[in-house]
Amino acid sequence: MVVIDTNPEYDTVLHKALITKEHKLKMGDPVQLKDEGNKHFQAGDIDKAIECYTNALKDCMDKKVQAVIYRNRSACYLKKESYANAVSDASKAIDEDASDIKALFRRCQALEKLGKLDMAFKDVQRCATIEPKNKTFLETLRRLGAEIQAKLKTTFSTDSRVQNMFEILLDDEMDKEKKEKAANNLIVLSREDAGAERIFQNNGVALLMNMVETGKPEMILAAVRALSGMCTGHKARAMAIVNMVGVDKLCSIMALDNEEIALATCNLFQCINDSLTGGDTRDYGKEASLVLDASKDLKIILLALLEMIANKRVSGHGRDQALNLLTKNVPCKDIKERDHSRTLFTIDHGLKKILKVCGQVPELPDQLPLTENTQLIASVLLNKLYDDLKCDPERANFKEICDEYVKSKIDPNNMDKTLHAISTISGLLQGPFEVGNSLVGQQGVMEMMVALCGSERDVDQMVAVEALIHASTKMSRASFFITNGVSLLKDIYKKTKSEKIKIRALVGLCKLGSAGGDDYSLRQFAEGSTEKLAKQCRKWLCNPQIDSKTRKWAIEGLAYLTNDADVKDDFVEDELALKAMFELAKSRDKTILYAVACTLVNCTNSYDKKEIIPELVQLAKFSKQHVPEQHPKDKKDFIEKRVKRLLKAGVVSALAVMVKADSAILTNQTKEMLARVFLALAEDPRDRGTIVAQGGGKALIPLALEGTEKGKVKASFALAKIAAVSNPEIAFPGERVYEVIRPLVSLLHTDKEGAENYEALRGLTNLAGFSEKLRIKMVKEKALPEIENHMFEENEKIQLAATECMCNLVTCKEVQARYLEDGNDKLKLLVLLCGEDDEKLQIAAAGGLAMITAAEKKLCTKMTHVTVQWLEILQKLCLHTNPSIQHRGLVIVFNMLSSDNFELAKKLIESELLEILSVIGKAEDNPKRQDPIDVARTCLVKAMDLGLIKPFTSPS
């Protein structure tokens with residue numbers, strides 16, 4: 001009989017107990033959570049361990065338990081390489097118990113990693129006092145002591161070296177060679193963090209400014225480069241240097257009429273900007289509050305650069321670099337970035353100044369000092385600022401400022417002022433075309449251009465013709481000009497005696513003549529007219545008597561005319577013209593880059609082509625719609641011949657120089673065109689050696705890492721083709737080879753085309769066979785999951801390439817660890833691929849399996865659990881008629897016999913494998929099959945050593 005207690009007090013107590021227990025389960029018992037964290041830590045799941053310890057600390061009231069939890073979490077942070085957090089947690093544990101030896105040693109380890117050796121030394125010293133016989137403590141104490149001594153020695157020697165360098169540099173009587181050596185040493189020292197700090201602490205900034213004040217270019221250059229090293233990646237030091245030197249002083253250095261100094265100062269500004277906007281990744285800890293807000297300094301720098309671009313005292317080189325800095329740092333780098341306040345600020349405070357640069361006419365008196373690149377860089381900046389605007393009111397404001405500026409310059413009584421307005425419109429047409437186009441369409445502007453074409457002054461005609469050329473970019477406008485402007489340009493071409501105007505008029509005609517693109521049926525001029533125009537352009541291009549600025553216009557003309565296949569063919573046959581173009585491409589004038597890139601894209605037919613579907617063509621003809629026609633000389637064999645001609649003329653070395661152009665003129669669109677040309681050149685495997693020999697491999701890397709998405713894919717594809725067949729040491733010398741991995745891995749994604757997947761896999765296979773460092777780099781770039789996906793591919797070529805790549809990767813310890821992990825089918829896939837019928841696939845899969853089972857004995861046992869077919873597949877490999885496959889199968893058998901798993905070895909020998917081994921082992925020596933025979937005999941000897949078989953002895 002069950003007695004039920006109806007006492008209400010008992011019910012209340014029971015209810016409270018149940019609630020308390022439930023609350024504890026919900027909130028988590030600190031000790032229980034600590035123990036759970038310990039289990040996760042031992043299992044290697046550090047993130048889960050940190051989570052448990054953090055939750056335990058929320059509810060823990062016991063100070064001693066708290067100290068243990070902090071100490072344990074400190075160990076987790078050490079594993080995660082979060083050293084500042086490890087120090088913080090260990091310190092909290094030590095605050096509770098000053099003799100907590102584990103917490104002390106953990107703090108010592110973290111402090112050492114943070115570079116605070118003296119503090120780490122004190123902690124381990126306390127540890128050694130508590131446990132004087134602990135070998136680990138004594139060894140760490142000795143090592144840290146030695147490191148501190150070495151650091152002190154280096155510091156003192158560095159200080160004396162710094163002083164010595166400045167003494168040499170500032171001594172007027174010192175030998176020039178010694179000064180150069182001291183300058184170079186100072187620059188190298190400034191690029192190391194410790195060296196930069198020593199220079200800074202030893203009054204280095206003031207001494208560097210003394211070098212600047214000498215006025216000697218080589219001294220200024222050395223000082224600026226040293227300052228760049230000191231500012232790189234260190235926010236606090238960069239801010240200190242900006243305030244010590246002053247932004248105006250830095251701008252005055254950049255304003256000097258010296259290209260090298262202007263470029264070096266531009267680099268210094270870039271280093272400062274990067275450090276102040278997130279380039280400094282170091283953990284300042286408590287010192288973070290000392291690093292001031294950098295927004296004020298960044299604003300001062302921006303205003304100073306805007307002031308520079310319209311200042312007459314600034315040299316052309318200085319103006320170029322100021323514009324380059326604005327182009328690089330003002331517009332948002334990512335379309336998803338929402339904060340474009342820098343762009344709006346620049347438009348409000350500097351748009352008119354940029355327009356002033358665009359409007360300069362160098363042939364007129366009292367103009368700003370310019371280089372051949374300045375105005376195009378200004379147009380690129382205008383385009384980037386306009387593209388960065390997010391809404392219609394912002395764009396309307398931009399157009400309004402431009403409109404007001406141009407109208408303020410148009411003066412019928414002052415022709416020079418009017419020329420400035422037309423030149424400004426030209427600059428806008430080369431930048432934000434939409435804005436320039438709206439200005440051209442305004443009443444009176446086009447009439448003014450036409451009137452200027454008829455002026456007696458050469459400069460008027462030149463500015464007007466250039467504006468007409470830029471205005472006819474859109475085909476609809478070109479059609480208007482074909483009707484109204486061809487006769488005008490022809491008239492100028494025939495009547496003018498100035499070569500400069502003649503060539504510009506010709507380019508206008510070239511542009512109008514190519515308005516139909518590569519559509520053979522849309523020729524604008526009569527048969528043979530475009531060839532005549534092209535011939536004249538080639539003639540000017542090859543004439544060394546004409547200045548390079550004028551010859552540049554000949555390439556502009558060819559950039560349009562090479563849409564015509566007859567012109568392309570004639571041009572590549574003219575080796576002198578090709579070489580003349582390549583020489584100009586290597587010159588300082590970077591405004592030519594786009595025209596050269598366009599010409600090469602046309603000659604190689606590497607532009608995007610719409611697929612012509614026959615059914616739609618028939619439908620278009622039936623409905624009397626226009627149908628594009630392909631020129632007979634745009635067929636594959638003609639393109640291949642043109643590519644060979646370009647390679648012979650040295651196109652790759654020209655492309656390599658163009659890629660290196662450190663200027664805003666090298667836009668993402670230009671980079672994409674260069675990538676397209678490289679891809680066309682790399683089509684034939686026989687030409688890839690030539691591309692590598694002329695520096696094409698190195699030149700492709702920056703194109704694959706920066707630019708438009710399409711451009712990066714094209715460059716990566718070309719890189720993959722080269723990496724697949726070249727020696728990496730030659731194609732990508734030094735550290736560059738590691739930069740190749742990421743672009744190739746990006747081509748493995750499933751959204752890429754099959755050909756791109758295939759070439760990327762072949763390239764990675766070649767690189768994976770080269771060094772362990774490259775294999776580790778591939779793992780870090782997350783190539784493994786992508787390669788494994790392609791091992792399932794239905795396309796046989798891609799599947800084989802992926803398996804070959806994995807075969808080369810399995811020698812990497814990190815890859816082996818992935819195969820050892822439970823819960824994946826990596827090993828199963830490799831075993832099953834060994835059973836496929838494709839011999840090449842079998843060789844790759846069996847090779848990978850042989851190497852990985854040799855490296856990790858545990859995989860020999862795991863292999864028998866992943867699929868029931870393992871023994872059948874193994875026997876199939878060992879019986880194969882192909883010696884390479886048979887050899888790999890027998891090596892796998894030997895690995896399994898040597899795996900320290902006696903039961904597995906016994907199972908193998910009890911199967912038909914013993915008979916297979918015996919037959920192969922007893923065979924006579926045969927050079928063609930010697931490898932399998934030798935391995936079979938080794939397997940039999942191993943079986944005898946294990947006591948699984950006995951040697952055969954005949955009766956006496």
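As a starting point, this report considers the structure included with it. This structure is a prediction, so every number in the text was calculated from the model and none was measured.

## Regarding unusual backbone geometry
And step 1. Positioned with a positive phi, Glu 81 is a non-glycine residue whose angle comes to about 65°.
And step 2. You can see Glu 81 is positioned in the loop between helix H4 (63–79) and helix H5 (83–96).
And step 3. Look at Glu 81 and you get exposed, because its relative accessible area is 57%.
And step 4. The residue Asp 900 is not glycine, and still its phi comes out positive at about 65°.
And step 5. If you trace the backbone, Asp 900 turns up in the loop between helix H52 (883–897) and helix H53 (902–910).
And step 6. For Asp 900, a relative accessible area of 68% gives the class exposed.

## Thoughts on the environment of Leu 830
And step 1. Of note, Leu 830 is situated in helix H48 (residues 826–834).
And step 2. Sequence separation of Leu 830 and Ala 845 is 15 residues, and the distance between their C-alpha atoms is 5.7 Å.

## A short note on the packing of helix H32 (residues 593–604) against helix H36 (residues 668–681)
Two packed helices can be described by the angle between their axes and the distance between those axes.
And step 1. As a packed pair, H32 and H36 sit with axes 9 Å apart at the nearest point and diverge in direction by 35°. Of the two elements, H32 crosses H36, and the hand of that crossing is left-handed. Touching Leu 593, Tyr 594, Ala 597, Cys 598, Leu 600, Val 601 and Thr 604 of H32 are Thr 670, Met 673, Leu 674, Val 677 and Ala 680, all from H36.
And step 2. Residues of the contact of H32 with H36, tallied by class, amount to 10 nonpolar, 2 polar and no charged.

## Side note on the pattern of salt bridges
Where charged atoms from two side chains of opposite charge come close, those side chains can pair.
And step 1. For the structure on display, the rule yields 43 salt bridges.
And step 2. Arg 107 serves as the salt-bridge partner of Asp 123, at 2.8 Å between the closest nitrogen and oxygen. Of this pair, Asp 123 sits in helix H7 (residues 117–130) while Arg 107 sits in helix H6 (residues 101–113), placing them 16 residues apart in sequence. Assigned by exposure class, Asp 123 and Arg 107 land together as buried.
And step 3. Of the charged contacts in the structure, one is a salt bridge between Asp 900 and Lys 857, with a shortest N-O distance of 3.4 Å. Note that Asp 900 is positioned in the loop between H52 and H53 and Lys 857 in the loop between helix H49 (839–855) and helix H50 (858–866), a separation of 43 residues in sequence.

## Details of the nonpolar core
And step 1. Phe 398, Leu 541 and Phe 678 are the most contacted members of the largest nonpolar core, which totals 269 residues.
And step 2. No other element matches the 10 residues that helix H12 (residues 217–231) contributes to this core.
And step 3. Once residues within four sequence positions are removed from consideration, Phe 398 is found in contact with Ile 347, Leu 351, Leu 382, Leu 385, Tyr 386, Leu 389, Pro 432 and Val 435.
And step 4. By size, the runner-up hydrophobic cluster in this structure holds 35 residues, among which are Leu 57, Leu 78, Val 124 and Leu 144.

## Quick word on the packing of aromatic side chains
Here the distance between the centres and the angle between the planes together describe a pair of aromatic rings.
And step 1. Scanning the entire structure with this criterion turns up 2 aromatic pairs.
And step 2. Sitting above the plane of the Phe 717 ring, Lys 721 keeps its charged end 4.8 Å from the centroid.
And step 3. The cationic tip of Lys 797 hangs over the ring face of Tyr 758; the distance from NZ or CZ to the ring centre is 5.9 Å.

## Thoughts on the side chain of Thr 604
And step 1. Structurally, Thr 604 can be placed in helix H32.
And step 2. Among the polar contacts listed, one links the side chain of Thr 604 to the backbone oxygen of Leu 600, at a separation of 2.8 Å.
And step 3. Polar contacts involving the side chain of Thr 604 include one to the side chain of Ser 606, which spans 2.8 Å.
And step 4. Beyond its immediate sequence surroundings of up to four residues, Thr 604 is in contact with Ile 639, Val 643, Leu 646, Val 677 and Ala 680.

## Remarks on the packing of helix H30 (residues 565–573) against helix H31 (residues 575–585)
And step 1. Between H30 and H31, the least distance of the axes is 5 Å, while the angle of their chain directions is 85°. Here H31 runs roughly perpendicular to H30, going by the angle between their axes. Across from Phe 571, Val 572 and Glu 573 in H30, the residues of H31 making contact are Glu 575, Ala 577, Leu 578 and Met 581.
And step 2. Considering only residue class, the contact of H30 with H31 consists of 5 nonpolar, no polar and 2 charged.

## Looking at the state of the cysteines
And step 1. Scanning the model with the defined rule gives 0 disulfides in all.
And step 2. Cys 358 takes part in no disulfide bond, and the closest cysteine sulfur, belonging to Cys 402, lies 9.0 Å away.
And step 3. Given a relative accessible area of 2%, Cys 358 falls into the buried group.

## Quick look at the environment of Thr 277
And step 1. Summarising the element assignment, Thr 277 is placed in helix H15 (residues 259–279).
And step 2. Sequence spacing of Thr 277 and Lys 235 is 42 residues, and the spatial spacing of their C-alpha atoms is 8.5 Å.
And step 3. From its side chain, Thr 277 meets the backbone oxygen of Asn 273 in a polar contact 2.6 Å long.

## Here's the deal with helix H46 (residues 796–809)
Think of an α-helix as turning once every 3.6 residues; residues three or four places apart then point the same way.
And step 1. Look at H46: 20 Å from first C-alpha to last across 14 residues, which is about the 20 Å you get at 1.5 Å a residue.
And step 2. Counting buried positions along H46 gives 10 out of 14 residues, so the element sits mostly inside the fold.
And step 3. Of the residues making up H46, those classed as buried are Ile 798, Gln 799, Leu 800, Ala 801, Ala 802, Thr 803, Cys 805, Met 806, Cys 807 and Leu 809.
And step 4. Contacts from the buried residues of H46 go to helix H43 (754–768), helix H44 (772–780), helix H45 (783–791), helix H47 (813–820), H48 and H49.
And step 5. The backbone nitrogen of Lys 797 has a side-chain oxygen 3.0 Å away, supplied by the residue at the start of H46, namely Asn 795.

## Quick word on the side chain of His 880
And step 1. Among the secondary structure elements, His 880 is positioned in the loop between helix H51 (870–878) and H52.
And step 2. Setting aside chain neighbours within four positions, we find His 880 in contact with Glu 839, Gln 842, Ile 885, Gln 886 and Arg 929.

## A few points about a negative patch on the surface
And step 1. The grouping of Asp 62, Asp 95, Glu 96 and Asp 97 at the surface amounts to a negative patch.
And step 2. Structurally, Asp 62 can be placed in the loop between helix H3 (46–59) and H4.
And step 3. Asp 62 sits in the partly exposed class, given a relative accessible area of 41%.

About the cut-offs
Residues numbered from 1 in each chain as written. Predicted model: local features only at pLDDT ≥ 70, side-chain atom pairs only at ≥ 80, totals over all residues. Heavy atoms only, no water. Helix = DSSP H or I, 4+ residues; strand = E, 2+ residues; numbered from the N terminus. Buried < 20%, exposed > 50% of the residue type's maximum accessible area, 1.4 Å probe, protein only. Axes fitted to C-alpha atoms, helices over the stretch in contact; angles between N-to-C directions. Left-handed = near helix turned anticlockwise from the far one by under 90°. Contact = heavy atoms within 4.5 Å. Nonpolar A, V, L, I, M, F, W, Y, C, P; charged D, E, K, R; others polar. Salt bridge = Lys/Arg side-chain N within 4 Å of Asp/Glu carboxyl O. Core = buried A, V, L, I, M, F, W, Y, C linked by side-chain atoms within 4.5 Å. Phe/Tyr/Trp six-rings, centres within 6.5 Å; stacked < 30°, edge-to-face > 60°. Lys NZ or Arg CZ within 6 Å of the ring centre and 35° of its normal. Polar contact = N/O pair within 3.5 Å; in protein donor to acceptor, adjacent residues only side chain to side chain. Parallel < 35°, antiparallel > 145°, perpendicular 65-115°, else oblique. Disulfide = S-S within 2.5 Å. Expected span 1.5 Å × (residues − 1). Patch = residues over 30% accessible without salt bridge, like charges linked within 9 Å, V, L, I, M, F, W, Y side chains within 5 Å. Areas by Shrake-Rupley, 256 points an atom, 1.4 Å probe, with all protein chains shown as cover. Lys, Arg positive; Asp, Glu negative; His and termini not counted. Charge placed at Lys NZ, Arg CZ, Asp CG, Glu CD.

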